[in-house]
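Fold and contact review
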Amino acid sequence: MSTYKLNYTDSFGNGDANTSLRSSNPENGFSDLSQSEKAVQELLTQQTPMQATDDHLIEFSEALRTVAKALRGSAEGKALAQAEAAEWKRRYELERSKNQDLLLPKAPLNGVCADESNSKGMDHLAKSARLHVQENNGKTGRSSLERICSHDVLQDGEANNSPNGCNNKLKRKASFKLSWGCKGQANDQHKKEIVSFESGNITTADRSSKQISLTWETNPQTVIIFTKPNSTSVRLLSVEMVRWLRDHKGLNVYVEPRVKAELLSESSSFDFVQTWEDDKEISLLHPKVDLVITLGGDGTVLWAASMFKGPVPPIVPFSMGSLGFMTPFHSEQYRDCLEAVLRGPISITLRHRLQCHIIRDKARHDYETEENTLVLNEVTIDRGISSYLTNLECYCDNSFVTCVQGDGLILSTTSGSTAYSLAAGGSMVHPQVPGILFTPICPHSLSFRPLILPDHVTVRVQVPFNSRSSAWVSFDGKGRKQLEAGDALVCSIAPWPVSTACQVESTHDFLRSIHDGLHWNLRKTQSSDGPRDT
Ligand SMILES: NC(=O)c1ccc[n+]([C@@H]2O[C@H](COP(=O)([O-])OP(=O)(O)OC[C@H]3O[C@@H](n4cnc5c(N)ncnc54)[C@H](O)[C@@H]3O)[C@@H](O)[C@H]2O)c1
Ligand SMILES: Nc1ncnc2c1ncn2[C@@H]1O[C@H](COP(=O)(O)OP(=O)(O)OP(=O)(O)O)[C@@H](O)[C@H]1O
């Protein structure tokens, strides 16, 4: 005899979704539906009406219990999500207040031309410039100097040891001034306000950041040279350049320990060249160095900038690589170029950097776990060796931006816009446009478009707790670190830009790079030989 069981399911997916009739007779199976229906009918008619009602009540109460369970689960989930959001808000505010602490006071400073210190729109550029100028002049008010000297990031032990809170060696640095103008020094058209509110009207003044010119106030005395490793041409040039800088310009020269060994292997007369023993010492060099020279490609400029965890002396990049987006100077003419730079004034490109901080979930109550990393091009969060999609929750200040599901995300400076971000479909942006590029890498979505965010925001990228895999962060293509579920990367514009000397001026150099380096929009010109509008 056949037996049947009726399964009912609730609407929450608990149990079997279909009502099924099972037969113990394999021959019958489910094929003979009319027979099965008959059997159901028989079964139901055998039950008293009271029994059927009881069964329904029991099933109904079970369904209600399931509903209650689902509602309880959802309420608990919401509470958890709220607690998590509150925790992130707390961390974000800590990060923001920390960033604000790093910025300088707004009081007018000696050694900065009035126009610059008044410029509100260029506030943080001016602050960064003031940072250089203050240190270089060594004649600013004590309070602001103390602030610089005691700055953790500079880690200037010598400066901190000095009785007046300021290092005497700072005075040996060449001082310079930066001026902003629309048409350069000749025009003398320094800008005051970007936006003015006179008589209740909002008007924009001429832009103030078009061209920045650096004028030495005292002669530079110390240079540091960074060179691309394993290159014979770079090695030969560095030998020649070091000697020329010493013999013809009377400068103190620092090189990396590897380069000093190379120089000494050429001749013991290179004994005068200075170097450092370990990485800690390099962080003490900024207050002594007036100028940085790089011999290599863009990677060498990135390398040189990464050596300075705070302010960076102006960089003169010589092109000895194949692309050279940030290296406008030709090495064959190094003498003329350096003469011009050392004499000044020179046009510079003030390139923003991003400061990046990883916040580990397991270090929830220990905020200061990892130090900031500064990048000149970009910070990348990608899937690394994982074959799963990355899942990255992104926030801009307190607002949710999006969830990136794909190979990853690039947070780029405008200088880095022509590097990895460009390859991932981001726009090319003039390096002096302030902003953060938000460029996804292979997003699995038809509607993702890259964004450009303003320079004052803080971006947070978090690996969600339910992510299938961890993500990997790299800084200017180096120093990979793993981000586990719950970890986050917090990123904002750093107060220490990198100034690179221009061959002509910022815009000219940028356009030359995209034309010569990338062959941007190269196309045969259409001939005039054909139909025309009449
Ligand atoms: N798919 C890609 O395009 C891709 C992938 C990984 C890294 N990168 C870039 O490489 C950079 C590291 O450079 P590297 O020299 O140490 O590595 P690398 O030797 O791998 O060179 C990368 C290339 O990027 C170029 N480059 C670097 N910075 C640039 C910039 N600001 N504008 C235009 N081109 C630039 C370099 O000239 C070089 O040709 C990273 O910051 C990242 O932007 C690009
Ligand atoms: N002083 C240095 N010490 C250690 N590594 C360096 C140094 N300078 C450059 N590098 C590294 O060497 C690599 C190549 O440098 P770079 O990009 O300057 O030369 P390149 O590859 O010949 O230039 P291009 O990419 O324009 O052809 C980069 O990854 C960079 O980080």
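For clarity, every value in this text was computed on a predicted model and none was experimentally measured. (Residues numbered from 1 in each chain as written. Chains lettered and ligands numbered in written order. Predicted model: local features only at pLDDT ≥ 70, side-chain atom pairs only at ≥ 80, totals over all residues. Heavy atoms only, no water.)

Here we take up the site of ligand 1. Residues in close proximity to ligand 1 total 16 residues, the closest being D298, N377, E378, T418 and A419. Contacts to ligand 1 include D298, whose side-chain N or O atom sits 2.7 Å from an oxygen atom. The backbone of Y420 places a nitrogen or oxygen atom 3.1 Å from an oxygen atom of ligand 1. When ligand 1 sits alone it has 780 Å² of accessible area, and the protein chains cover 62% of it. Put simply, the parts of the chain that give the shell around ligand 1 at least two residues each are α11 (298-306) and α13 (420-423). It is α11 that contributes the most residues to the shell around ligand 1, 3 residues altogether. Partitioned by chemical class, the residues of the shell around ligand 1 number 7 nonpolar, 5 polar and 4 charged. A domain-level breakdown of the shell around ligand 1 finds at least three residues from each of domain 1 (222-332) and domain 2 (354-493). (Near = heavy atom within 4 Å. Polar contact = N/O pair within 3.5 Å; in protein donor to acceptor, adjacent residues only side chain to side chain. Areas by Shrake-Rupley, 256 points an atom, 1.4 Å probe, with all protein chains shown as cover. Helix = DSSP H or I, 4+ residues; strand = E, 2+ residues; numbered from the N terminus. Nonpolar A, V, L, I, M, F, W, Y, C, P; charged D, E, K, R; others polar. Domains from an automatic or database assignment.)

A cluster of like negative charges, contributed by D54, D55, E59 and E62, occupies part of the molecular surface. Of note, D55 is situated in helix α2 (residues 49-102). (Patch = residues over 30% accessible without salt bridge, like charges linked within 9 Å, V, L, I, M, F, W, Y side chains within 5 Å. Salt bridge = Lys/Arg side-chain N within 4 Å of Asp/Glu carboxyl O. Lys, Arg positive; Asp, Glu negative; His and termini not counted. Charge placed at Lys NZ, Arg CZ, Asp CG, Glu CD.)

A word on the site of ligand 2. Contacts to ligand 2 come from 15 residues, most closely from T227, K228, G297, T300 and S322. Here E256 contributes a side-chain N or O atom positioned 2.9 Å from a nitrogen atom of ligand 2. In this structure, G297 approaches ligand 2 through a main-chain N or O atom, which is 2.6 Å from an oxygen atom. For ligand 2, the protein covers 71% of the area, taking 620 Å² as the surface of the free molecule. The leading source of residues in the shell around ligand 2 is α11, at 3 residues.

Secondary-structure assignment places K362 in the loop between β11 (354-359) and β12 (373-375). Distance in space between the C-alpha atoms of K362 and D487 is 8.0 Å, their sequence separation being 125 residues.

Our focus in this paragraph is the pairing of strand β6 (residues 252-255). Relative to β6, strand β5 (residues 222-227) runs parallel, the two sharing 4 bridges. Each residue of the ladder has a partner; that of I224, found in β6, is Y254. This β-α-β element, β5 to helix α8 (residues 232-247) to β6, shows right-handed connectivity. (Pairing = 2+ DSSP bridges. Right-handed = clockwise from strand over helix to strand, strands pointing away.)

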